[in-house]
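# Examining the three-dimensional arrangement
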Amino acid sequence: MGDTPEAIEGQAKLFRVLIAYAKYNPQIGYSQGMSYLAAVLLMHLSEEEAFWALVILLERPKYLSGLFDHSLHKIQHNAKVFQQLLKHRMPQLSQHIEGLGVSSLHYVMPWFLTLFTSLPCWDSVLAVWDLLMLHGIAVVFRTGLCIFQLLEPRLLRMPDMSLLLPTLLRVPVDVSRYSALVPALWNTEVQEWEIDCMHSLVLEEDREERCPEPVEGAPKSLFAKVLDTARRYLGDTGKEDDSREMKNLPIHRSPIVPSRSKPCSFSSLRRGQIKRRKKINSSVKDSSQRLQSQGLVTVQSQRNTITSSMDLDGEITGDRTPDSSLRRKSSGPANRPLGWRTQTQRVWKKSPKPQLNKAPLSPLLVHQAPKGSSRISAPEYDSLLEATDTHSREPSPRHSTLSKTKSSLENAQELQLI
Amino acid sequence: MSETYDFLFKFLVIGSAGTGKSCLLHQFIENKFKQDSNHTIGVEFGSRVVNVGGKTVKLQIWDTAGQERFRSVTRSYYRGAAGALLVYDITSRETYNALTNWLTDARTLASPNIVIILCGNKKDLDADREVTFLEASRFAQENELMFLETSALTGENVEEAFLKCARTILNKIESGELDPERMGSGIQYGDASLRQLRQPRSTTAQSKQQCSC
């Protein structure tokens, strides 16, 4: 750590911030791992600001609340959630890793407790932190998954734990490098609802482990369980409609539920369909203007209904067979066409919502674009659709350049941050 | 890539926070002192192949976090360990007093036949000593532990600690006291075909399933 006056002063500051937090919240007190977080904050903020930023980071549900509890339940739960995520997104790798006896807890714990501060490339650490400030804890899963994607070929070749685990605990420089990690992060999509879905799945499994119920009829497959969980979590109100859709649609369509608007990415739809959708959307816009007094919810549910019927259309025309979607899914994000569930979807998701939950961590977020990201005006909306269209027709390489993803407004926001 | 060895032993490094567990491991693996050592979050891992009594043994070493609150997690690593380094800091009586707890954990959670060596670390800081050699060796004797004072800084007795532990395990295997084939012994044969016996948990069927969300 060095004996220079700056280093000594830095350590003293770190010590004071950590002591202050331990006194501020004696229930949590001091935990190993906090020093990593406080140190990053101190590099950007004054001592007092760093303290308050640490308080927010450790206590807001959006960030790390509960993770430093004495019980460590939440971190163990999150490890299971990541394991499920890996199982679904990268089944082959997940199987390989579990086969070598490496539990997700081994590598997930440092991710959550030190937020990737141990990555060997500092600019990448800061990029991850910026994303984390913006989107919250889901970014940890996203970054973790991204590291796995980059390491996948290497990990699959490793025959035992003594090679694999150190690689995960000390991510190699070539993968951590900004030019490798950050573009990959852009291409890795982990939605909040996806994490929530895995959370429920893990909770259900825990419950079943504790009190195994007598099985009614045939034992449920994991797929059926996920479906159930997703349906329950998403607050399935339109029972009839949705159950029909659930049966007919490819599996990743489950988010078509009124209560949480998660319109599917239509980047893989054909051009004609997109045009039709545009038409419908413009009518939605018209009605939205008319219905403004009734609030956004109405608009949202309308759009959902339309989205659903569009999806069914796609199904009938054989645009996406369940088979192909299955294949895409199982091949993992590494081989996934870029257009599939891209950032655009997130813009859709955000558009009817108010602005992001802004944490008072402003000193770190000085570059955040304050306007224009929460709602999308009509012309922007159309240009977005155009952009998506082009996007879907262009077979992009896996590590597409940042400029390719600029079509999404939120990406633009992220871009400014990074 | 994969070395050939006769046995594989699972080792643990346990003890209170700040006693120098990670530095001991680093010194053993890299042969140098880890200058700016950070706290271990959860667990660290290292392995090295050593030669003990004419046999090549791969040591698979799990270095655990020392802070009390991590115990609930680090305990899960104890299962099936063949040997352990129980570390305290000779300049801190507090870390010495905690040894009983660590010992109980190790004996109950790892295999009951686990071979433990007590390491009084930071031997180089003799001026600040709070625990005498005699006192600690008496404790070791009472609890049937081997004992060494080590220094991760100078490297004194570090290699010896790991090797002594490995040698004892090997002797116990040869005398029949330890059975490598018993589940959870923390010992595996190096022979590749035998290693395959330890099947991974059956996750195959599940992982084939797809998610709907």
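An unreviewed UniProt entry lists chain B under the name Ras-related protein Rab-4, from Lepisosteus oculatus. Check the Cofactor (unreviewed entry) section of the UniProt entry for chain B; it says "Mg(2+)". Checking UniProt for chain B, the heading Sequence similarities (unreviewed entry) contains the comment "Belongs to the small GTPase superfamily. Rab family."

In the nomenclature of an unreviewed UniProt entry, chain A is known as Si:ch211-266k8.4 of Lepisosteus oculatus.

Here the focus is the pattern of salt bridges. Here the idea is simple: oppositely charged side chains can pair when their charged atoms come close. Residues and elements named next belong to chain B. For the structure shown, the criterion picks out 17 salt bridges over all chains. Linking Glu159 and Arg48 is a salt bridge whose minimum nitrogen-to-oxygen distance equals 2.9 Å. Taken together, the residues Glu159 in helix H6 (residues 158-174) and Arg48 in strand E2 (residues 43-52) connect sequence positions 111 residues apart. Among the ionic pairs, Lys122 bridges to Asp89, the shortest N-O distance being 3.2 Å. Remark: Asp89 occurs in strand E4 (residues 83-89) and Lys122 occurs in the loop between strand E5 (115-121) and helix H5 (133-142); sequence separation between them is 33 residues. Using a relative accessible area of 5% as the deciding quantity, one classes Asp89 as buried.

With that settled, consider the environment of Val73 of chain B. Residue and element names in this part refer to chain B. Residue position: Val73 is located in helix H2 (residues 71-74). Among the residues examined, Val73 registers a relative accessible area of 1% and is labelled buried. With 30 residues separating them along the chain, Val73 and Val43 place their C-alpha atoms 9.1 Å apart.

Looking now at the side chain of Asp63 of chain B. Residues and elements named next belong to chain B. With respect to the helices and strands, Asp63 occurs in strand E3 (residues 55-64). Comment: no salt bridge for buried Asp63; closest opposite-charge side chain is Lys21, at 5.8 Å. Of the polar contacts made by the side chain of Asp63, one reaches the side chain of Ser22; its length is 2.6 Å. Not counting residues within four places of it along the chain, the set of residues in contact with Asp63 comprises Val13, Lys21, Ser22, Leu25, Thr40, Gly42, Val43 and Glu44.

Now for the packing of aromatic side chains. All names here are of chain A. The full count for this structure, using the stated rule, is 22 aromatic pairs over all chains. Both rings, one in Tyr24 and one in Trp52, keep their centres 5.7 Å apart while their planes meet at 85 degrees; by these two values the pair is edge-to-face. Highlighted residues: Tyr24 in helix H1 (residues 5-24) and Trp52 in helix H3 (residues 47-59), separated in sequence by 28 residues. Under the relative-accessibility criterion, Trp52 is labelled partly exposed at 41%. Judged by centre distance (4.9 Å) and plane angle (85 degrees), the rings of Phe82 and Trp111 are edge-to-face. Here Phe82 is found in helix H4 (residues 73-89), whereas its partner Trp111 is found in helix H6 (residues 104-114), with 29 residues between them in sequence. Look at Phe82 and you get buried, because its relative accessible area is 0%. Relative accessible area serves as the criterion here: at 5%, Trp111 is assigned to the buried category.

Let us look at helix H4 (residues 99-109) of chain B. Residues and elements named next belong to chain B. Considered for burial, the residues of H4 that qualify are Leu99, Trp102, Leu103, Asp105 and Ala106. Around the axis of H4, the buried residues are gathered within 160 degrees of arc, so they sit on the same side. Looking at the buried residues of H4, the elements they touch are strand E1 (7-15), H2, E4, helix H3 (93-97), E5 and H5.

Criteria and thresholds
- Residues numbered from 1 in each chain as written.
- Chains lettered and ligands numbered in written order.
- Predicted model: local features only at pLDDT ≥ 70, side-chain atom pairs only at ≥ 80, totals over all residues.
- Heavy atoms only, no water.
- UniProt positions renumbered as here; feature names shortened; annotations may be inferred.
- Salt bridge = Lys/Arg side-chain N within 4 Å of Asp/Glu carboxyl O.
- Helix = DSSP H or I, 4+ residues; strand = E, 2+ residues; numbered from the N terminus.
- Buried < 20%, exposed > 50% of the residue type's maximum accessible area, 1.4 Å probe, protein only.
- Lys, Arg positive; Asp, Glu negative; His and termini not counted.
- Polar contact = N/O pair within 3.5 Å; in protein donor to acceptor, adjacent residues only side chain to side chain.
- Contact = heavy atoms within 4.5 Å.
- Phe/Tyr/Trp six-rings, centres within 6.5 Å; stacked < 30°, edge-to-face > 60°.
- Arc of directions from axis to C-beta.

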